[in-house]
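Chain by chain, the residues:
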Amino acid sequence: MSTLSHKAARGAYGTAIDMVLRHMNKDREKGMLQLVDLTERYMGSHFDSKNYEAARCMIKDPESKWMKYINRLLDEVDPYVIRQSALNLGYEAGLYGTKTIREMRKKYDCNIPWLILMDPTSACNLHCTGCWAAEYGNRLNLTFDELDGIITQGKELGIYFYMYTGGEPLVRKADIIKLCEKHNDCAFHAFTNGTLVDEAFCEDMRRVGNLSLSISLEGFEEVNDFRRGNGVFDKVMHAMDLLKQSGQIFGTSICYTSKNIDTVTSDEFLDLIIEKGCRFTWYFHYMPVGNDAAPELLPTKEQREYMYHRIREIRAMEGGKPIYAMDFQNDGEFVGGCIAGGRNYCHINPNGDVEPCVFIHYSSANIREVSLLDALRQPLFMAYRDNQPFNGNHLRPCPMLENPEILMRMVKETGAKSTDLKSPETVEHLCGKCHEYAENWKETAEKIWEENPHHKMNYENYKQSHKSAS
């Protein structure tokens, strides 16, 4: 798409979004239906026709759970935040970006991610027990120019969504806001402990409109503060109050373990974060990363099966809770398995190492030495692409946790090195902690996959499709 037509399409989406916002109390349904029509005209067959029809049916049913959810969001979130989020995440990343990265994957014959997760810093104002990010050390930083360069290169490839983690990314909140200002066509998201959120930062977020947050929680006060420190839970609750008052879009990031899984999925806990203004909740399976990891925190097969069903119950079309819940490990059916290695995302640590996943600390490319494109073509990433999906059962998506023999092979064959500067971990040591878990989960995963209807995702392996085309 030419620069001119790209701007024209963005302008059309902006106009449609403005109309929805202008008619919030008049004819919201009409505006939202026109937005669906515009999306279908632009994206066409890139999305299945039944998806457009499902969206129209939902919009026409104001009493449905998810329409009530959307209407509540439109009523409570700052209009400019809604506009920028819809325009940048919806149009730029979701529509224009999706089309562009598919073209770039064919052009360069490699994985091009839909989003990039970056660590602006390894520094953190907390010292949480068992934090894998601390393995990098606490004095590493990507400079503003390096972060800016990654985003600039990424946009050339069609990447318009950037996430930050750490360390604590809000240690660098001034630079994060500057990047939001400079790249006001991108969507940004930060995973934060929430303790550095204040009124001034909320005002900055409202001004730029293209930054959302996921706040880490481990449960209620006693459990959360045992790991994160006394008083952190109260600070998080205060941060949520400030964000809600400011009309921001935010949610939670929750690592579920064998110790907290019941608490963080309980009605009581979900009711609390919904009342505080959370619109979504990310659930991440505990990963035994690092030499000091605690494998006993890995959920049992019974707990993971419970998690599979509970997440689907929470976000069901009827019942459940008015919050969108995502399970990074159990939702592989919706994305065709593992999304790492640049297939849909990758991670750049605060030393500049370009890693396949935030949990896989191996690489042979550093953004300070090579371009982003060349980093995406490093041997380990190409091995990811050649081997994805790592398992036909997308409840066993990960090359480390559920298929540890595959990660060991890929790291050895590509010569990738540990990026852990503090305590390098061999791939044998890392994967050795997963063999028993993988074997125990296998039978249960196969049973669930066979017994439950699952989303039939057409998996795109770009090297395989390129081969069959030629």
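Residues numbered from 1 in each chain as written. Predicted model: local features only at pLDDT ≥ 70, side-chain atom pairs only at ≥ 80, totals over all residues. Heavy atoms only, no water.

You'll find the chain entered in an unreviewed UniProt entry as Radical SAM protein, with Clostridium scindens given as the organism.

1. Here's the deal with the domain arrangement of the chain
What the domain assignment reports for the chain is domain 1 (3–89) and domain 2 (110–452). For domain 1 versus domain 2, the separation of C-alpha centres amounts to 28 Å. At the junction of the two partners, domain 1 supplies 16 residues and domain 2 supplies 31 residues. Between Glu76 and Arg279 there is a salt bridge; the shortest N-O distance is 2.8 Å. (Domains from an automatic or database assignment. Contact = heavy atoms within 4.5 Å. Salt bridge = Lys/Arg side-chain N within 4 Å of Asp/Glu carboxyl O.)

2. Focus: the pairing of strand S8 (residues 345–348)
Every second residue of S8 is oriented toward a common face, with Tyr345 and His347 on one face and Cys346 and Ile348 on the other, all of them buried. Relative to S8, strand S1 (residues 115–118) runs parallel, the two being bridged by four bridges. Paired with Leu117 across the two strands is His347, which belongs to S8. Relative to strand S9 (residues 354–355), S8 runs antiparallel, the two sharing two bridges. (Buried < 20%, exposed > 50% of the residue type's maximum accessible area, 1.4 Å probe, protein only. Helix = DSSP H or I, 4+ residues; strand = E, 2+ residues; numbered from the N terminus. Pairing = 2+ DSSP bridges.)

3. Notes on the environment of Ala340
Mapped onto the elements of the fold, Ala340 is located in the loop between strand S7 (324–327) and S8. A residue is classified by how much of its surface remains accessible, and Ala340, at 4% relative accessible area, is buried. What Ala340 contacts, discounting residues up to four positions off in sequence, is Tyr345, Pro356, Cys357, Tyr384 and Gln388.

4. Digging into helix H8 (residues 199–208)
The complete set of buried residues in H8 reads Phe201, Cys202, Met205 and Val208. One side of H8 holds all its buried residues, which, seen down the axis, span an arc of 135°. In H8, the exposed positions that point more than 90 degrees away from the buried face belong to Glu199 and Ala200. Residues of H8 that are buried make contact with helix H5 (79–108), helix H7 (173–182), strand S4 (211–216) and helix H10 (232–245). Gly209 occupies a position one or two residues after H8 and carries a positive phi of about 75°. (Arc of directions from axis to C-beta.)

5. Comments concerning the sheet that holds S8
With mixed pairing, the nine strands of this open sheet are ordered in space as S7-S6-S5-S4-S3-S2-S1-S8-S9. Of all strands in the sheet, those bounded by a partner on one side alone are S7 and S9. Pairing between strand S6 (residues 280–285) and S7: four bridges, direction parallel. Each bridged residue has a counterpart across the sheet, and for Trp282 the counterpart in S7 is Met326.

6. What about the nonpolar core?
Across soluble globular proteins, nonpolar side chains show a tendency to be buried alongside one another. Counting residues in hydrophobic clusters, the biggest one holds 144 residues, and the most contacted among them are Leu211 and Leu407. In terms of residue count, H5 provides more of this core than any other element does, nine residues in total. For this core, the domains that each give at least three residues are domain 1 (3–89) and domain 2 (110–452). Setting aside anything within four residues of it in sequence, one finds Leu211 in contact with Ile176, Ile177, Cys180, Phe188, His189, Ala190, Phe201, Met205 and Gln248. (Core = buried A, V, L, I, M, F, W, Y, C linked by side-chain atoms within 4.5 Å.)

7. A short note on the pattern of salt bridges
One pass over the structure, following the stated rule, counts 33 salt bridges. Among the salt bridges present, the one from Arg396 reaches Glu446, with a minimum N-O distance of 3.1 Å. Residue Arg396 is located in the loop between helix H15 (379–387) and helix H16 (404–414), and its partner Glu446 is located in helix H18 (residues 435–451); the two are separated by 50 residues in the primary sequence. We classify Arg396 as buried; its relative accessible area is 10%.

8. Some words on the packing of H5 against H8
At a minimum axis separation of 7 Å, H5 and H8 run at an interaxial angle of 55°. Viewed along their axes, H5 and H8 adopt a mutual orientation that is oblique. Contacts between H5 and H8 involve Tyr80, Val81 and Gln84 from the first element and Met205, Arg206, Arg207 and Val208 from the second. Here the contact of H5 with H8 is composed, by residue class, of four nonpolar, one polar and two charged. (Axes fitted to C-alpha atoms, helices over the stretch in contact; angles between N-to-C directions. Parallel < 35°, antiparallel > 145°, perpendicular 65-115°, else oblique. Nonpolar A, V, L, I, M, F, W, Y, C, P; charged D, E, K, R; others polar.)

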